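Residues per chain are reported as follows:
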Amino acid sequence: MAAAKSASHSDCLSYLQTLGDATPKEVVDQLAAQIKEEADKPDTSSINQASLNVTFRVYYHIVHKYELPDEHFADLPQLLSVEQPKVFLMLQSVLLTNHWSRLDAQLIEGKCIDAIIAALQQNNSCLVHQLKATNLLVKKFPKLELLKLQLEHFYHCLQRQSQVGCREETLTLFNHCCKQRRRAFFYFRLIVEFWPWTNRNKYYLLSGILNSHALSELLVASGHSETEFFAGLRLSLSYRGLRAASQYPVKSLSGQRSPALLALAVELLVNGSVAEIQNFHSQWFLRIQQRDALFQLLQAKPEIVEFLASSEAARSASDQHRLILIFSMFAKEIYVTSKLHFFKISTELLTNCSCFETDAQLLIFKFLVDNLGNFAVEDCLEFFYNFMERHRGVESSEFRNTMLGKMPNIINHTAKHFNKALKTDGSDALAHDIKRFFCQLQHLMEQDMHCDVYQPRIFALKLLEILLKSLYSAQVSKNAKMCSTHQNQQLGVFLLDQGVFQPHSMAQLLFNSLNDPQGFDDALELTVSLLLQLGHVDSEKCIEHCQRFWSSCDVDQCALVSLYAQLAVRSSLDQQLIKDLYDLSLQQLNSKLEAFSRDPLMTAKSAGGHLFGHICVLDELVSGGSAHLDASLADLLPLLERILNVILDFLNLANTRRENGAVATAASFQDMDESLQLLVSESVYVATEDAEACRKFLLMSFWLTLKACCDLATSVGCVLLRESNYDALQRCLDINVAVLTRCRHKGAIEAAGLSVGKLTRAITSTVANPDEHQGLQLLHDCLERELLSECRQVSTTRRGAGFSIMFLHVLKNDNPRRLLLHRAVQRILKRLNETSSSSGEVASDTNNHDRWEALSLHYLCVLVRDTELRPAMCKYYNEIMLVGMAHIDNPEWTISNAALQLFGACLGKLVGQRQATEFETKLAWEPSELNYEELACLLPKACEHMLQCCDTEQINSSIILFLGFLSKVEHLCTTGQPQQSTELLQRFRRLSWRLLRHKCEQVRLLAASCFVRAHEFRCNLPTVLLASAKLAAQLQEDNFYEGLVYTLHAGVLKLQHEARHVWTATELQRFQQQLLNKLQVTEQVKRFKAYTLNVLLQFLLLLEADEEAAMVRQLLEERA
């Protein structure tokens, strides 16, 4: 605290010294103006919070010191509202000043809570700012109770995963509220008794309660069984989506020194499956503080002692895995307890390592690295080399990265012992072993550097990268937290002196390995990076290779010029060499273009006339050394435009011939194929291969040339941006746009998308004032002209491919403000809403072009699907769902298809993906965390639309689509009081009940799921299921009976999966028997059709009602 005050005083003094003779009042006014200028930035993400903190600190220091009235921010608490997120950022800063004690805490509390609730209801993207401000408030005023915040609000805050930091801020606030005993006990009962253990938020919120209250007291008060509680907690180890969340209550329970948690851990280690123990090791073990006590409990288990003492021959493969996991977890404790036992097991594991399964072998490797201090260094080094030599070819990248990730520990430990041996004059033997180990590694790297197989080659390169960083660089850097760079440097010098590593030879080897036309991209790029780190690069040789390869007719070999040009640019000290290379490349490109324009196949095949090699070299020179080229880069643009048009005209040659030269549309796949046939058949080149191979060769050359043009245009654009040459910048943008809008080749489109994204990022990162920035206007105009204009026509053969990619990359790279994105999305939604009423009636202007609506829906779809854009897009989900649903039944297939894709994309973002279990088996009942209260906030209008459609719609496909979405929404009990969503929930219940008798079987099936999910499993669902079974027993109508049986089936599945460890197994069995009795499955069911009886049979099999199932099966056999 004293240090913080000192820093605050220092900030004030340093700032005041810069103000000269200004009066305190003038200083305060200046500071207030600075604060308002910072806070008035158009987007909260661009506001500098640190700057606000310092400025407010100085502001209030002066105000209090000179007893000035607070004329500027006295009304700040009154301004707190969801519409003004910046005020919450300002409040955070004020709470960090010495002015906090003068604030009206109750007023601010009410304002903050109102803003949080409003932000949840409006799906506002600034929720995290309000949570942070509230957390700071209760930190300063710990007696505030925040009673208006209910459990449902905390749940929905946790659901806002798109906002970074929201979860931790929510849990911090929840922890504060749970200090109130009565409130915490009420929440605990609700969560434990009414929420399933498959709900991730259950674990987060339980941890908040357990941080302040003992589990034993909570269980007694709620009447819940401790056994069932820990069985539920254990369940999380079998669900991938629950593991991380389960760490929270485990940590809280460990903080309470819970004996039951230790008992569960012992049970898991003794009797749990290997998968459970693996997850316990990776997720829970480090959260348990009482590891010594846990080890003592394990020692008391005779089965564990016998198991550890048993011979290898007596253990199965899974038992071996279990032994290694347990031994890894408690190696230190076993070592302290019995060194003899420790070395017996470790010797057995190390000796027989190669006999175990691959995953078990990796565990042994990790165990040895983590316990290096207990073994002789020389023995470990020998094991490590043999292990890496055997496993460097393993296909799993996770396995490879784990091996390499342990390498710094090995190096650091070896360097430490080497340093210690030097001081005691006992280094000869150890030095010999160390030298041998690193010689072996060196040999392994040199051997694999030219390997044609990916895994050994990338392993060798990454290993070299680690060794360079840790040992061989002139300036060794830290490779781990506990690392002595001095010791590592000392070991590195020794190895260099001994000739183990020879930088010049290694550089030559790396340089030679670059000449690999069939090489792997990431391996070649890493090779270039390593060469630059080593520093032994011959620039003249690089330039020679550039000149040789850009004249090669082999496409893959020609593509290597980028690597050599990059080496030349970044290593050469002679700038004249770079200038000469630039001039020569430009000259040869110009000369080849003439011949290429006449006969591309002849030029590329016989005269090494690919254009892209030269363009790639120019790109590297411009992006890496433009300051030294002494050339006008804007002069490159006419040449690039000419090349671009030549290639695009070639790809559209067939169209041009058919239309007598007047072609307005881009080439389709068929057009491109026909054009390539024409180019090959009309070429004077005498082919030794078939025409198909020639077409592929030409297409490869063409698209790589287009890619190179886009890359170079973007590099030129980035340079011109610094010169504010916006006319030339427009041309750079147009080159990328031309490829995206006039080409259909997937590789070219994707490359152009990346390039236009890079150019967008360069433009938007320089924006100071968005209203006055010409570059931002260029992008806006481009989007409007090329994508959003209704007069823009796109061939139906394209399906908007390049357009959607362009749209995504431009908007995605406008970061962090997202001004272009918000403007474009709002524009599209407005236009779609205006046209939706008449879009179904208007026919396309031509059968050859997509409608504007189809393209716009595709644009929205790519934005919704992109995870990075989720925080910015989530506020539009309601409107996007509405426009999607409005166009689903459009008679024009292109629009209907685009709307369906958009609906599916929104569905994935709202309800998430299928929750995988440890064993990747599809669950019979999928849990869902989206509840009706949240749905009412996220999609108020869309929900109303779906209700109306399902109520009146005669088209089954729409009903099925909407029910498919609604069948993913759960009713979760978060309070005993009516909620905002209660009316919506009742409407969905009535709707799904009515649809149980629908004539379409798929509608009945989905309606049953919807109806079941609309009831919580603790009280409502059992009552409803029993009543449904009783009603079904009295029915004569097949459809309704079948719908009710579907409901019973879904209800039992929900209870079996979600009531686990909330209900006991006995309670569930008793209820299933009651259900069977109410259903009255007797011979009277023969009144129903065979299909209905089959549905009944499946339900009886689920209940394991063997007698009734046999009877129904007999009835079906009699009808067969």
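Keep in mind that this is a model prediction, so the values were computed, not measured.

If you tally the helices and strands in the chain, you get 58 helices and two strands. The globule rule puts the C-alpha radius of gyration for 1120 residues at 32 Å, and the 35 Å found for the chain is close to it. Principal-axis analysis of the C-alpha atoms gives the chain an extent of 90 × 90 × 90 Å. Within the chain, buried positions represent 57% of all 1120 residues. Sequence separation of at least 24 residues holds for 74% of the intrachain contacts in the chain that already meet a minimum separation of 6.

Moving on to the environment of Ala22. As for its position among the elements, Ala22 is in the loop between helix H1 (2-17) and helix H2 (24-39). Assessed through its relative accessible area of 25%, Ala22 is described here as partly exposed. In sequence terms Ala22 and Asp599 are 577 residues apart; their C-alpha atoms lie 76 Å from each other. Look past the residues within four positions of Ala22 in its chain and what remains in contact with it is Val27 and Gln30.

One finds Phe229, Phe280, Phe384 and Phe438 to be the most contacted residues of the largest nonpolar core, which totals 398 residues. Looking at this core, the element that brings in the most residues is helix H39 (residues 691-722), giving 17 residues. Ignoring anything within four residues of it in the chain, the contact list for Phe229 reads Phe188, Val192, Trp197, Leu206, Leu210, Leu215, Leu219, His224 and Leu253.

There is a patch of like negative charges on the surface, built from Asp538, Glu540, Glu544, Asp574, Asp580 and Asp583. Taken together, the elements giving at least two residues each to the negative patch come down to helix H30 (539-549) and helix H33 (575-598). Relative to the elements of secondary structure, Asp574 occurs in the loop between helix H32 (561-571) and H33.

Another point: the pattern of salt bridges. Enumeration according to the criterion identifies 37 salt bridges in this entry. Among the salt bridges present, the one from Glu934 reaches Arg160, with a minimum N-O distance of 3.4 Å. Placement of Glu934 in helix H49 (residues 932-938) and of Arg160 in the loop between helix H7 (151-159) and helix H8 (166-177) is noted, with a sequence separation of 774 residues between them. For the pair Glu934 and Arg160, one class covers both residues: buried. Ionic pairing is found between Arg457 and Asp516, a salt bridge with its closest N-O pair at 2.6 Å. Placement of the pair is Arg457 in helix H26 (residues 454-472) and Asp516 in the loop between helix H28 (503-513) and helix H29 (521-534), with a sequence separation of 59 residues. Connected through shared salt-bridge partners, Lys25, Asp29 and Glu71 make up one network.

What follows covers the side chain of Arg1004. Summarising the element assignment, Arg1004 is placed in helix H53 (residues 1001-1013). Given a relative accessible area of 3%, Arg1004 falls into the buried group. A distance of 2.6 Å separates a polar side-chain atom of Arg1004 from the backbone oxygen of His998. Reaching out from Arg1004, the side chain makes a polar contact with the side chain of Glu1042 at a distance of 2.9 Å.

You can see Leu776 is positioned in helix H42 (residues 774-788). The exposure class of Leu776 is buried, given its relative accessible area of 4%. In this structure, the C-alpha to C-alpha distance between Leu776 and Thr764, residues 12 residues apart in sequence, is 6.4 Å.

One can describe the packing of helix H51 (residues 956-966) onto H53 by two numbers: an axis separation of 9 Å at closest approach and a directional angle of 25 degrees. By the angle between their axes, H51 is roughly parallel relative to H53. As for how H51 packs across H53, the hand of that crossing is left-handed. On the side of H51, the interface is formed by Ile959, Ile960, Leu963, Gly964 and Leu966, while H53 contributes Gln1002, Val1003, Leu1006, Ala1007 and Cys1010. Its residues assigned to classes, the contact of H51 with H53 shows eight nonpolar, two polar and no charged.

With that settled, consider helix H47 (residues 877-887). Given 3.6 residues per helical turn, the α-helix brings residues three or four places apart onto the same face. Burial analysis of H47 places nine of its 11 residues in the buried class, which makes it a mostly covered element. Restricting attention to buried positions, one finds in H47 the residues Tyr877, Asn878, Ile880, Met881, Leu882, Val883, Gly884, Met885 and His887.

Attention now moves to the packing of aromatic side chains. Enumeration over the complete set of coordinates arrives at 50 aromatic pairs. A ring pair is formed by Tyr59 and Phe73, whose centres lie 5.2 Å apart and whose planes are at 75 degrees; its orientation type is edge-to-face. Within this pair, whereas Tyr59 is found in helix H3 (residues 49-65), its partner Phe73 is found in the loop between H3 and helix H4 (85-95), the two being separated by 14 residues in sequence. Overall, Phe73 belongs to the buried group, its relative accessible area being 4%.

Along the polypeptide, Ile543 turns up in helix H30. Residues Ile543 and Tyr564, 21 residues apart in the sequence, show an inter-C-alpha distance of 7.0 Å. If we skip the residues at most four places from it in the chain, Ile543 touches Ala568, Leu577 and Leu581.

One way to put it is that helix H22 (residues 377-391) packs onto helix H24 (residues 407-423) with a least axis distance of 11 Å and a crossing angle of 155 degrees. The angle between H22 and H24 falls in the class roughly antiparallel. Read as a crossing pair, H22 and H24 show a hand that is left-handed. Packed against H22, whose contacting residues are Val377, Leu381, Phe384 and Met388, the element H24 presents Met407, Ile410, His413, Thr414 and His417 at the interface. In terms of residue class, the contact of H22 with H24 is built from six nonpolar, three polar and no charged.

So, about helix H21 (residues 358-370). Here H21 spans 19 Å end to end across 13 residues, near enough to the 18 Å set by a 1.5 Å rise per residue. Along H21, the residues that are buried comprise Ala360, Gln361, Leu362, Leu363, Ile364, Phe365, Phe367, Leu368 and Val369. Contact partners of the buried residues in H21: helix H18 (317-329), helix H19 (331-337), helix H20 (339-351), H22, helix H23 (397-405) and H24.

Right, let's get into the state of the cysteines. By definition, a disulfide links the sulfur atoms of two cysteines through a covalent bond. On inspection of all chains with the given rule, the structure shows zero disulfides. Free cysteine Cys353: the closest other cysteine sulfur is in Cys355, separated by 8.6 Å.

Here the focus is unusual backbone geometry. Although it is not a glycine, His1061 sits at a positive phi angle of roughly 65 degrees. Mapped onto the elements of the fold, His1061 is located in the loop between helix H55 (1038-1058) and helix H56 (1065-1079). Positive phi, close to 60 degrees, is recorded for Glu1104, a residue that is not glycine. The exposure class of Glu1104 is exposed, given its relative accessible area of 63%.

To continue, consider the confidence of the model for the chain. For the chain, the average pLDDT comes to 88, and 92% of its residues sit at 70 or higher. The weakest mean pLDDT in the chain belongs to H1 at 52; the strongest belongs to helix H10 (residues 200-210) at 97. Across residues 1-8, confidence stays below pLDDT 50; counting only partners more than four residues off in sequence or on other chains, it has one contact. Across residues 839-846, where pLDDT falls below 50, the model places 13 contacts with residues more than four positions away in sequence or in other chains.

Conventions we followed
- Residues numbered from 1 in each chain as written.
- Predicted model: local features only at pLDDT ≥ 70, side-chain atom pairs only at ≥ 80, totals over all residues.
- Heavy atoms only, no water.
- Helix = DSSP H or I, 4+ residues; strand = E, 2+ residues; numbered from the N terminus.
- Rg over C-alpha atoms; globule rule 2.2 N^0.38 Å.
- Buried < 20%, exposed > 50% of the residue type's maximum accessible area, 1.4 Å probe, protein only.
- Contact = heavy atoms within 4.5 Å.
- Core = buried A, V, L, I, M, F, W, Y, C linked by side-chain atoms within 4.5 Å.
- Patch = residues over 30% accessible without salt bridge, like charges linked within 9 Å, V, L, I, M, F, W, Y side chains within 5 Å.
- Areas by Shrake-Rupley, 256 points an atom, 1.4 Å probe, with all protein chains shown as cover.
- Salt bridge = Lys/Arg side-chain N within 4 Å of Asp/Glu carboxyl O.
- Lys, Arg positive; Asp, Glu negative; His and termini not counted.
- Charge placed at Lys NZ, Arg CZ, Asp CG, Glu CD.
- Polar contact = N/O pair within 3.5 Å; in protein donor to acceptor, adjacent residues only side chain to side chain.
- Axes fitted to C-alpha atoms, helices over the stretch in contact; angles between N-to-C directions.
- Parallel < 35°, antiparallel > 145°, perpendicular 65-115°, else oblique.
- Left-handed = near helix turned anticlockwise from the far one by under 90°.
- Nonpolar A, V, L, I, M, F, W, Y, C, P; charged D, E, K, R; others polar.
- Phe/Tyr/Trp six-rings, centres within 6.5 Å; stacked < 30°, edge-to-face > 60°.
- Expected span 1.5 Å × (residues − 1).
- Disulfide = S-S within 2.5 Å.
- pLDDT = per-residue confidence, 0-100.

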